[in-house]
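# Reading the structure
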Amino acid sequence: MGIETRLENLPNEILFETFGYLHALDMFSAFGSLNKRISSIFQSTPLHIIISKIHRRNQVDFLSSYLTFHVHQVISVKIDDTIRDDTSIINLLFNRHDFINLQFCKLITIHHSTKLDNVIEQIKTFDKLVSFNICNLNDITMNENDKYELARIMLMHQPSSLRSIILQYPYNCSNILNTISLSSNITSLYLYINGSSLFASVNSVLPYKSKHFFPMDLLDGYAWQAMLELYVPYLLKFEFHMSIWKYCPRIDLNIVVNSFKYFVTKYSNWHMIIDQWSLLHSIPVEFIMLRTLNYHKHKSNIYTNMPLIPSGSFNTQSTMENIDDHYFFYKYEKDLRLYITSERPDITYSSPLFQQIKIFKLEISKIPSTWLNNFLNIVTFHETSDDNAEEIVSYLSNWVYLARLVEIEFGECSNLTILTILTELLIYSKFIDNSFLIPVFKRIKIIETTFEDVYFPPSFSMKFVDRFPSLEHIELQVISFDDCVAIIDTFLIHLKNLSYLKIDYFEDSPLDDPFSLENIIEKRRQALPMNIIHEQLIDVKNDGEVIKIWLK
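In this text, all values refer to a predicted model and were calculated from it rather than measured experimentally.

Reading the values: the criteria
- For every chain, the first residue of its written sequence is number 1, and the numbers climb from 1 along that sequence.
- Given that the model is predicted, a residue must reach a pLDDT of at least 70 before its local features are reported, and side-chain atom pairs must reach 80 or more before they are shown or counted; all residues, however, enter totals for whole chains, interfaces and linings.
- Side-chain metrics rest on all non-hydrogen atoms present in the structure, leaving aside hydrogens and water.
- Starting at the N terminus, helices and strands are each numbered in turn, a helix being any DSSP run of H or I of at least four residues and a strand any DSSP run of E of at least two.
- Burial classes: relative accessible area under 20% of the type maximum marks a residue as buried, over 50% as exposed, and values in between as partly exposed (1.4 Å probe, protein chains only).
- Pairs of residues are marked as contacts when any of their non-hydrogen atoms sit within 4.5 Å.
- Where accessible areas are quoted, they stem from the Shrake-Rupley method and a 1.4 Å probe; at the residue level, only the protein chains shown are allowed to cover.
- Candidates for patches are residues over 30% relative accessible area with no salt bridge; among them, like charges are joined within 9 Å and nonpolar side chains (Val, Leu, Ile, Met, Phe, Trp, Tyr) within 5 Å.
- Each reported salt bridge corresponds to a side-chain nitrogen of Lys or Arg within 4 Å of a carboxyl oxygen of Asp or Glu.
- Look down the strands so they point away from you; if going from the first strand over the helix to the second traces a clockwise path, that crossover is right-handed.
- Ring pairs shown here join Phe, Tyr and Trp side chains whose ring centres sit within 6.5 Å, with only the six-membered ring taken for Trp; geometry is labelled stacked below 30 degrees between planes, edge-to-face above 60, and tilted in between.
- Nonpolar cores were defined as sets of buried Ala, Val, Leu, Ile, Met, Phe, Trp, Tyr and Cys residues, with membership established by side-chain atoms within 4.5 Å.
- When DSSP locates at least two bridges between a pair of strands, those strands are taken to pair.
- Throughout, an axis means a line fitted to C-alpha atoms (over the contacting stretch in the case of helices), and angles, computed between N-to-C directions, take values from 0 to 180 degrees.
- Comment on the angle field: the value is read as roughly parallel under 35 degrees, roughly antiparallel over 145, roughly perpendicular from 65 to 115, and oblique elsewhere.
- Charged means Asp, Glu, Lys or Arg here, nonpolar means Ala, Val, Leu, Ile, Met, Phe, Trp, Tyr, Cys or Pro, and polar covers whatever is left, Gly included.
- A score between 0 and 100, pLDDT records how confident the predictor is in each residue.

What follows concerns the overall build of the chain. Each helix and strand in the chain was counted, giving 18 helices and 19 strands. Within the span of the chain, comprising 552 residues, buried residues form 48% of the whole. Of all intrachain contacts in the chain linking residues separated by at least 6 positions in sequence, the fraction that spans at least 24 positions is 71%. Just so you have it, the chain exposes about 27900 Å², and 52% of that area is on carbon and sulfur atoms.

Take a look at the structure:
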């Protein structure tokens, strides 16, 4: 007979290590009321707080009740200011608790109603803070006074323990530029500086006066060489990624590349690439992206926001002699958006530019219906009688490895789990009934439909759940709320793994909304009696235009 081991039989050392892998809400929810021994272990466990947009206010209040006795143990916080049913969560927690031993702080998407006064006052007293990160790219949120105060403290009065500063919100810093004082302890600095080129530039932080204004000084390798030799002559590594939007005329890439040739001989295995393309904008604007070969080795989580690339305007140059090595610089890029224009310059590279892409969003001004099915055939079976489709797919193979894609139906699709697709194509019989693709459909976990002229029809619901039985996340568009009723009923009954459903509808209904929490819970219990139903996590919202349902 096997030996049964209970949680309470485990030694304290194992429990202590196990709790170290959990964030505070999960730990208190699972073990908070077990027994006095577990509670005593809590007293010496460092706590990590994670509040994301999927959480609810009752969970935050539950966590807060435990923090009353354990806040001194909190060493890291990662808080999204807007959760499922409330906002200003950062303000709520910092008003209730003093995080006196905080070492790592990340605050995400701060709501416009949130006041950071208490947060700022606490930051002034932190003497153990190692990393401070605000991720707030949406400029319509976060008031200017809070932006100023946070920038002032971080750039002028940072605690001696601080090593990393990330202020990822648009701010021109013009009112503090002359008084910036960075400690020598700072090893990582990220600023999102915006504003007039006369005030906002790399010179705002690095005390070197270039003869150029921003952004040209960033593209001048000779200026970087002079600055680094003057201020950090013993620098061992020089790696960077830059993304720049600028008005035309277009930059001459050869001039930029030649100016950085010094660093190829200065540092071992050092190379740089620069990509350039035009943005789809009412005025001529170009996007320029520079990156060094080994940049990815110094970043634990690389996400590059690459705007839509119109194929006719793309250009690239590198300090490497072999132009086929473009993909070496982008080993961890997973998504790419490409707009196929009528102008398609010849690409002579022997290997795709971006080889690791898995999420490929292709846009074409108009897809001819004559080759819609042929387009699928050529990618899946490598055969077609449509020259236009074959030309497009051949051109795409210069950009990505089609067989590695996982978010569209291209390639072998063996790893496909996410599908973003036009509703018109989703319900197209030669797509949905394609015998080669049906096994792929059964592995899909996320579907998001995009709308042009065709809505998701209720009559398609049963075929939809039959083709995609593993779905966890669905977003689609219908004509009316009456259509929602039939579709949601089908999904609740037949999709056992469903966790999130969002349906946009364009005509309201005079009928009462049948989707109360009690109604949804009852339907799931009747349809899936063997499934565990977590009632506290189920939620529904209907604002008259969109209905959202959370099941997990």
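After that view, the rundown keeps rolling.
Turning next to a nonpolar patch on the surface. Residues Leu230, Tyr231 and Val232 make up a contiguous nonpolar surface patch of roughly 290 Å² in combined accessible area. By the element assignment, tyrosine 231 lies in helix H8 (residues 221-231).

This paragraph deals with helix H5 (residues 89-96). The element H5 is extensively covered by neighbouring structure, given that six of its eight residues are classed as buried. At its buried positions, H5 is contacted by strand S1 (47-51), helix H4 (57-70), strand S2 (74-80), strand S3 (104-108) and helix H6 (117-125).

Right, let's talk about the pairing of S1 for a bit. Residues Leu47, Ile49 and Ile51 of S1 are buried on one face, while the alternating residues His48 and Ile50, pointing to the opposite face, are not. Each parallel crossover has a hand, and the one from S1 via H4 to S2 is right-handed.

Under the defined criterion, the tally for this structure stands at twelve salt bridges. Between glutamate 286 and lysine 246 there is a salt bridge, with its nearest N and O atoms 3.2 Å apart. Of the two residues, glutamate 286 sits in strand S9 (residues 285-292) while lysine 246 sits in strand S7 (residues 241-247), which places them 40 residues apart along the sequence. Salt bridges sharing partners connect three or more residues here, namely Arg57, Asp61, Asp86 and Arg96.

This next bit is on the packing of aromatic side chains. Inspection of every chain in the model, using the stated rule, returns 29 aromatic pairs. Taken together, Trp224, Phe238, Phe240, Phe260, Tyr262, Phe263, Tyr267 and Trp270 form an aromatic cluster joined through their ring pairs.

Grouped burial of nonpolar side chains is what soluble globular proteins tend to show. In this structure, Ile49, Ile51, Ile79, Phe99, Phe132 and Leu150 are the most contacted members of the largest nonpolar core, which totals 53 residues. Of all hydrophobic cores here, the second largest spans 39 residues; its members include Phe464, Leu476, Phe491 and Val540.

With respect to topology, four strands assemble into an open sheet ordered S7-S9-S8-S11, the strand pairing being antiparallel. Across the chains shown, the open sheet's two edge strands, defined by having one partner strand only, are S7 and strand S11 (315-318). Within this sheet the neighbouring strands show an average axis-to-axis angle of 15°, counted without direction. Alignment of strand S8 (residues 272-278) against S11, held across four bridges, turns out to be antiparallel. Within the sheet, the bridge partner assigned to isoleucine 273 lies in S11 and is serine 318.

Read from one edge of the open sheet, six strands run S14-S15-S16-S17-S19-S18, paired in mixed fashion. Only two strands of the sheet have a single partner each, and these edge strands are strand S14 (418-422) and strand S18 (539-542). Taken over all neighbouring pairs, the strand axes of this sheet differ in orientation by 15° on average, direction set aside. Judged from the four bridges that link them, S18 and strand S19 (residues 546-550) form a sheet pairing that is antiparallel. By the bridge assignment, asparagine 542 is partnered in S19 with isoleucine 547. Of the strands in this sheet, strand S16 (473-480), strand S17 (500-507), S18 and S19 touch helix H17 (residues 481-494), which is tilted by about 150° from S16.

To continue, consider the packing of H6 against helix H7 (residues 144-156). At a minimum axis separation of 11 Å, H6 and H7 run at an interaxial angle of 5°. Considered as vectors, H6 and H7 are oriented roughly parallel to each other. Judged by residue contacts, Asp117, Ile120, Ile123 and Lys124 of H6 engage Asp146, Glu149, Leu150, Arg152, Ile153 and Met154 from H7. Split into classes, the residues belonging to the contact of H6 with H7 amount to five nonpolar, no polar and five charged.

The subject of this paragraph is the side chain of threonine 423. Inspection of the secondary structure puts threonine 423 in helix H13 (residues 423-426). When its relative accessible area of 1% is taken as the criterion, threonine 423 is described as buried. The residues touching threonine 423, leaving out its near neighbours within four places in the chain, are Thr449, Thr450, Val454, Tyr455, Phe456 and Gln477.

Before going further, it helps to examine the confidence of the model for the chain. Of the residues in the chain, 79% have a pLDDT of 70 or more, and the chain-wide mean is 79. In this model, residues 196-207 is a region of pLDDT below 50 whose contacts with residues beyond four sequence positions or in other chains number 32 contacts. Confidence drops under pLDDT 50 across residues 209-214; counting only partners more than four residues distant or on other chains, this segment forms eleven contacts.

Moving on to unusual backbone geometry. A negative phi angle is the norm for most residues apart from glycine, just as the trans form is the norm for most peptide bonds. We note that serine 88 has phi near 55°; this positive angle belongs to a residue other than glycine. With respect to the helices and strands, serine 88 occurs in the loop between S2 and H5. Phi angles above zero are rare outside glycine, and asparagine 269 is one such case at about 55°. Here asparagine 269 lies in the loop between helix H10 (261-266) and S8.

Here the focus is the environment of isoleucine 521. Structurally, isoleucine 521 can be placed in helix H18 (residues 517-527). Note: C-alpha distance between isoleucine 521 and isoleucine 533 (twelve residues apart in sequence) is 7.7 Å. When neighbours within four sequence positions are excluded, isoleucine 521 is seen to be in contact with Ile533, Glu535 and Ile538.

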